[in-house]
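The chain contents come next:
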Amino acid sequence: QKEVEQDPGPLSVPEGAIVSLNCTYSNSAFQYFMWYRQYSRKGPELLMYTYSSGNKEDGRFTAQVDKSSKYISLFIRDSQPSDSATYLCAMSARAGGTSYGKLTFGQGTILTVHP
Amino acid sequence: NAGVTQTPKFQVLKTGQSMTLQCAQDMNHNSMYWYRQDPGMGLRLIYYSASEGTTDKGEVPNGYNVSRLNKREFSLRLESAAPSQTSVYFCASRERDRAEKLFFGSGTQLSVL
């Protein structure tokens, strides 16, 4: 069983839709929860991150972490064609641990937003 | 701002050939990483270097070696390439106290025939 599981999709939605992307994990040592966005033939770029539990909002994007359920989500409101990309969840343990800074990634979800 | 630079961008090898993937960063980062990305598998850590002079194995190190040449450069070597090493390889670096933010290069697409 992988430490981080993510539904690879692909996911296709119309412009303006609300998109929900999710990951589950098994390692209770994870404290940093990230979402990376990867455009075709490019390297991933950090989109959002959350430390420990809770919600974080940045424009049309909201990241949620539920540590009790070991479940994280990314919501995209009013999705745009420019949001079409692969979205990767990633996690890391806390500072001082042997896994600090070593990100464990989910499989990635391919999202297409069509006009 | 160059960020993380990887060379080459594309490479085709025959089984048994060797090659070195080069990576350099100009952000004065201590930590550097090599990941491979395969369809349906996400990014998997091959090796990492927490600081100049140190290297450690990641999740999938078999068949690879690394060298942290200096603070800027971190190379990945395939001594005897196998078809299973066909993948896209990404180098990344990280600031010392920012566990969440890796800066990635644009990748090397490697095919082993």
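(A) A look at the sheet that holds strand E3 (residues 19-25) of chain B. All names here are of chain B. The strand order across the open sheet built from 4 strands is E1-E3-E8-E7, with neighbouring strands paired in antiparallel fashion. If you trace the sheet from one side to the other, it starts and ends with strand E1 (4-7) and strand E7 (64-68), each paired once. Taken pair by pair, the neighbouring strands of this sheet meet at an average axis angle of 15°, ignoring direction.

(B) Geometry of the pattern of salt bridges. All names here are of chain B. Applying the stated rule across the entire model yields 5 salt bridges over all chains. Note that Glu79 is salt-bridged to Arg77, the shortest N-O span being 3.1 Å. Look at the salt bridges and you will find they share partners, linking Arg36, Asp38 and Arg44 into a network.

(C) Quick look at the pairing of strand E9 (residues 85-93) of chain A. Residue and element names in this part refer to chain A. Taking burial as the measure, the 9 residues of E9 include 9 buried ones, the bulk of the element. Burial along E9 is two-sided: the residues Ala85, Tyr87, Cys89, Met91 and Ala93 and Thr86, Leu88, Ala90 and Ser92 are all buried. Relative to E9, strand E4 (residues 30-38) runs antiparallel, the two being bridged by 8 bridges. Bridge pairing links Phe30 to Ala93 in E9. Pairing of E9 with strand E11 (residues 109-114) involves 3 bridges; the strand directions are antiparallel. Bridge pairing links Tyr87 to Thr109 in E11. Taken together, the 2 bridges between E9 and strand E10 (residues 104-105) define a ladder with antiparallel strand orientation. What sits directly across from Met91, in E10, is Thr104.

(D) Region of interest: the interface of chain A and chain B. Chain A puts 21 residues into the contact, and the matching count from chain B is 22 residues. Both sides of the chain A and chain B interface together cover about 1,700 Å² of buried area, and 57% of this is carbon and sulfur. For the pair chain A and chain B, the interface holds 0 salt bridges. Across the chain A-chain B interface, the total number found is 3 residue pairs in polar contact (both at pLDDT 80 or more).

(E) Summary view of the sheet that holds strand E8 (residues 71-76) of chain A. Residues and elements named next belong to chain A. Strand order in the open sheet formed by 5 strands is E1-E3-E8-E7-E6, with antiparallel pairing between adjacent strands. Here the strands that pair on one side only, and so sit at the sheet edges, are strand E1 (4-6) and strand E6 (54-58). Here the average twist between neighbouring strands, direction ignored, is 15°. Here strand E3 (residues 19-25) pairs with E8 via 6 bridges, running antiparallel. Paired with Val19 across the bridge in E8 is Ile76.

(F) Spotlight on the packing of aromatic side chains. For the structure on display, the rule yields 12 aromatic pairs over all chains. Their ring planes at 55° and their centres at 4.9 Å tell us that A:Tyr32 and A:Tyr51 sit as a pair that is tilted. Here the residue A:Tyr32 occupies a position in strand E4, and A:Tyr51 occupies one in strand E5 (residues 45-51), the gap between them amounting to 19 residues. By the ring-pair criterion, three or more aromatic residues cluster together here, those being A:Tyr36, A:Phe105, B:Tyr33, B:Tyr35, B:Tyr48, B:Phe90 and B:Phe104. The positively charged end of A:Lys56 is found above the aromatic ring belonging to A:Tyr49, 4.1 Å away from the centroid.

What counts, and at which threshold
Going along each chain's sequence as written, the residues are numbered from 1 onward. Both sets of labels track the order of writing: A upward for chains, 1 upward for ligands. Selection of residues for local features in this predicted model requires a pLDDT of at least 70, selection of side-chain atom pairs for listing and counting requires 80 or more, and totals for whole chains, interfaces and linings are taken over all residues. Working from all heavy atoms in the structure, the side-chain values ignore hydrogens and water. In this scheme, strands are said to pair when DSSP sees at least two bridges between them. Strands here mean DSSP runs of E at least two residues long; helices mean DSSP runs of H or I at least four residues long; both are numbered from the N terminus. Here an angle of 0 to 180 degrees is reported between the N-to-C directions of two axes, which are lines fitted to C-alpha atoms, with helices fitted over the stretch in contact. For salt bridges, the criterion is a side-chain nitrogen of Lys or Arg within 4 Å of an Asp or Glu carboxyl oxygen. The classification of residues rests on relative accessible area computed with a 1.4 Å probe and restricted to protein chains. Under 20% of the type maximum is buried, over 50% is exposed, and intermediate values are partly exposed. Only heavy atoms enter the contact rule, under which two residues are in contact if any of them lie within 4.5 Å. Once two parts are joined, some of their accessible surface, as seen by a 1.4 Å probe, is lost; buried area is that loss totalled over both. Whenever a nitrogen or oxygen atom comes within 3.5 Å of another N or O atom, the pair is scored as a polar contact, on the condition that within protein one atom can donate a hydrogen and the other can accept it, and that pairs from neighbouring residues in sequence are kept only if both atoms are in side chains. Between 30 and 60 degrees the pair is tilted, below 30 it is stacked and above 60 it is edge-to-face, where a pair is any two Phe, Tyr or Trp rings, Trp via its six-membered ring, whose centres lie within 6.5 Å. Two limits define a charge over a ring: the Lys NZ or Arg CZ must be within 6 Å of the ring centre, and within 35 degrees of the ring normal.

The quantities given are spatial measurements derived from coordinates; they are silent on function.
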